[in-house]
Amino acid sequence: MKRWATFAIFLIATMSLGGVIGASTPPGEWYDNLSKPVFNPPDWVFAPVWTVLYAMVAFAGWRSWDRAAISPSTRLWFIQFVINLTWSPVFFGLQMMGFALIIIIFMIALTVAFIASSWKTDQIAALFMVPYLAWISFAALLNATLWAMN
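Computed from a prediction, not measured in an experiment: that's the story for all the values here.

Draft legend 1. Expanded view of the overall build of the chain. The helix and strand tally for the chain stands at 7 helices and 0 strands. Ordering the α and β elements of the chain from the N terminus gives α-α-α-α-α-α-α. At 16 Å, the chain has a C-alpha radius of gyration in line with the 15 Å of a compact globule built from 150 residues. C-alpha atoms of the chain, sized along the principal axes, occupy 50 × 25 × 25 Å. Looking at the chain as a whole, 45% of its 150 residues are labelled buried. Expressed as a percentage of contacts within the chain between residues at least 6 apart in sequence, the contacts between residues at least 24 apart total 77%. On the chain, roughly 7900 Å² of surface is accessible, and the fraction owed to carbon and sulfur atoms is 74%. Each charge sign in the chain was given a centre, from 7 positive and 5 negative side chains, and these centres are 20 Å apart.

Printed below as a string of structure tokens:
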């Protein structure tokens, strides 16, 4: 399979799965009624940010796969992505902020591990995950604060 075809698969799969999770677990009335910290972004920020981040995550995953489909970095990428897909259903769907916080902390740890592992072989893939790491770290702070406030 051509390299860019594989990239297209990564991009479509990542964006589609992220989109399905986002669409199936919208914030809704429960989230709207929570007490929120002053640093809570407006609702309209989340969709464009996640769209860009999922594209970057897909690119990093594809580069890892392209270098070595079965490698520690590629495994870490897949595990962190699966964990990513569980956060929204737990936070918004089940409304379990404490458990969601555990999930996102695990996601941060896996993303840091992916960046560290990839840095040795593909700094571009590692760097493409840094904005994602920053966002999920912010999301963890927001998750923890919402849990504490509510």
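Read on, since the account is not over.
Draft legend 2. Inspection of the confidence of the model for the chain at higher detail. On average, residues of the chain score 95 in pLDDT, and 99% of them are at 70 or above. The spread of mean pLDDT over the elements of the chain runs between helix H1 (residues 3-24), the lowest at 92, and helix H7 (residues 130-149), the highest at 98.

Draft legend 3. Here's a closer look at the pattern of salt bridges. The tally for this structure, following the rule as stated, stands at 2 salt bridges. Of the charged contacts in the structure, one is a salt bridge between aspartate 122 and arginine 63, with a shortest N-O distance of 2.8 Å. Pair noted here: aspartate 122 is in the loop between helix H5 (97-119) and helix H6 (123-128) and arginine 63 is in helix H3 (residues 46-67), with a separation of 59 residues, a long-range link. The shortest N-O distance in the salt bridge between arginine 67 and aspartate 122 comes to 3.5 Å. Of this pair, arginine 67 sits in helix H3 while aspartate 122 is found in the loop between H5 and H6, placing the two residues 55 residues apart along the sequence. Several salt bridges converge on common partners, so that one network encompasses Arg63, Arg67 and Asp122.

Draft legend 4. Examining H3 more closely. Here H3 is 22 residues long and its end C-alpha atoms lie 31 Å apart, about the 32 Å a rise of 1.5 Å per residue gives. If you follow the buried residues of H3, they end up packed against H1, helix H4 (72-93), H5, H6 and H7.

Calculation criteria
Residues numbered from 1 in each chain as written. Predicted model: local features only at pLDDT ≥ 70, side-chain atom pairs only at ≥ 80, totals over all residues. Heavy atoms only, no water. Helix = DSSP H or I, 4+ residues; strand = E, 2+ residues; numbered from the N terminus. Rg over C-alpha atoms; globule rule 2.2 N^0.38 Å. Buried < 20%, exposed > 50% of the residue type's maximum accessible area, 1.4 Å probe, protein only. Contact = heavy atoms within 4.5 Å. Areas by Shrake-Rupley, 256 points an atom, 1.4 Å probe, with all protein chains shown as cover. Lys, Arg positive; Asp, Glu negative; His and termini not counted. Charge placed at Lys NZ, Arg CZ, Asp CG, Glu CD. pLDDT = per-residue confidence, 0-100. Salt bridge = Lys/Arg side-chain N within 4 Å of Asp/Glu carboxyl O. Expected span 1.5 Å × (residues − 1).

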